[in-house]
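Below are the chains, spelled out letter by letter.
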Amino acid sequence: MQKIGVMFVCLGNICRSPLAEAIFADQVQRHGLDHRFDIASSGTANYHVGEQPDPRTIDVARRNSVPIDHHGQQLDQVHFHEYDYIITMDRSNLTNAERIAPQEHSATMVMMRDFDPSEPGSDVVDPWYGDRQGFDECFDVLERSCANFLEHLKSEHSL
Ligand code: 4NP
């Protein structure tokens, strides 16, 4: 059976999208659905290609017992053929991703917080310039949005 490909996208691929990837992968694993998913993350910029997530990203994941292991990569045209869902962390990176997208592709592009029942359609605020509290808030938003996204996929794909 073909896997469902999910690519989370932010700007630098060291804070929000690797955290979303780790949280979503953990939730998928808890539902016993790992074999049905191919999960990844990337940045629309190339500043941090090859780098591990920001230490504060690793710290908030560890404090919440979510395994995280990622090296930065930049969003590429080919990803739009390899992944079914391109989930951007905010509107500016949705615009960036639309610029990177090939003319023809069948990936669904949506914003992460389209799945947040408390503030649908808003941005996942970039915690890069903030402190530990910003990373905690980012974790909560992503945990809630990813859980809802997974429920959406379960009903969409009869999982
Ligand atoms: P991210 O956060 O997009 O959530 O990974 C950022 C990380 C680095 C930079 C900007 C945002 N930067 O300018 O280097």
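All values reported here derive from a predicted model rather than from experimental measurement. Here the residue index of a chain counts from 1 through its sequence in written order. Under the rules for a predicted model, residues below a pLDDT of 70 receive no local features and side-chain atom pairs below 80 are neither given nor counted, while totals for whole chains, interfaces and linings still include all residues. As a rule here, side-chain values come from all non-hydrogen atoms in the structure, and water together with hydrogens is ignored.

Student: What is the right way to look at the sheet that holds strand β2 (residues 37–43) in this model?
Tutor: Sheets are built from strands that pair by backbone hydrogen bonding, the pairs being arranged parallel or antiparallel. Here, any two strands with at least 2 DSSP bridges between them count as paired. Helix and strand labels come from DSSP, where a helix needs a run of H or I of at least four residues and a strand needs a run of E of at least two; each type is numbered from the N terminus. Here we have four strands laid out as an open sheet, ordered β2-β1-β3-β4, and parallel in their pairing. With one partner strand each, in any of the chains shown, β2 and β4 (108–111) form the two edges of the open sheet. Across the sheet, the axes of successive neighbouring strands diverge by a mean angle of 20°, strand direction being ignored. Judged from the seven bridges that link them, strand β1 (residues 4–10) and β2 form a sheet pairing that is parallel. Axis definition: a line fit to C-alpha positions, over the contact stretch in the case of helices; interaxial angles, taken between N-to-C directions, run 0 to 180 degrees.

Student: Teacher, can you tell me more about the site of the ligand here?
Tutor: Here a residue is considered near a molecule or strand provided that any single heavy atom belonging to it is located within 4 Å of it. As a structural note, the neighbourhood of the ligand is formed by Cys 10, Leu 11, Gly 12, Asn 13, Ile 14, Cys 15, Arg 16, Tyr 47, His 48, Asp 126 and Trp 128. Here Ile 14 contributes a backbone N or O atom positioned 3.0 Å from an oxygen atom of the ligand. A 3.5 Å cut-off defines polar contacts: any pair of N or O atoms within that distance qualifies, except that in protein one atom must be a possible hydrogen donor and the other a possible acceptor, and neighbouring residues in sequence count only when both atoms are side-chain atoms. Within the side chain of His 48, an N or O atom sits 2.8 Å from an oxygen atom of the ligand. Shrake-Rupley sampling with a 1.4 Å probe provides the accessible areas, and residues are treated as covered by the protein chains on show and by no other component. Starting from 360 Å² of accessible surface for the ligand in isolation, the protein chains cover 91%.

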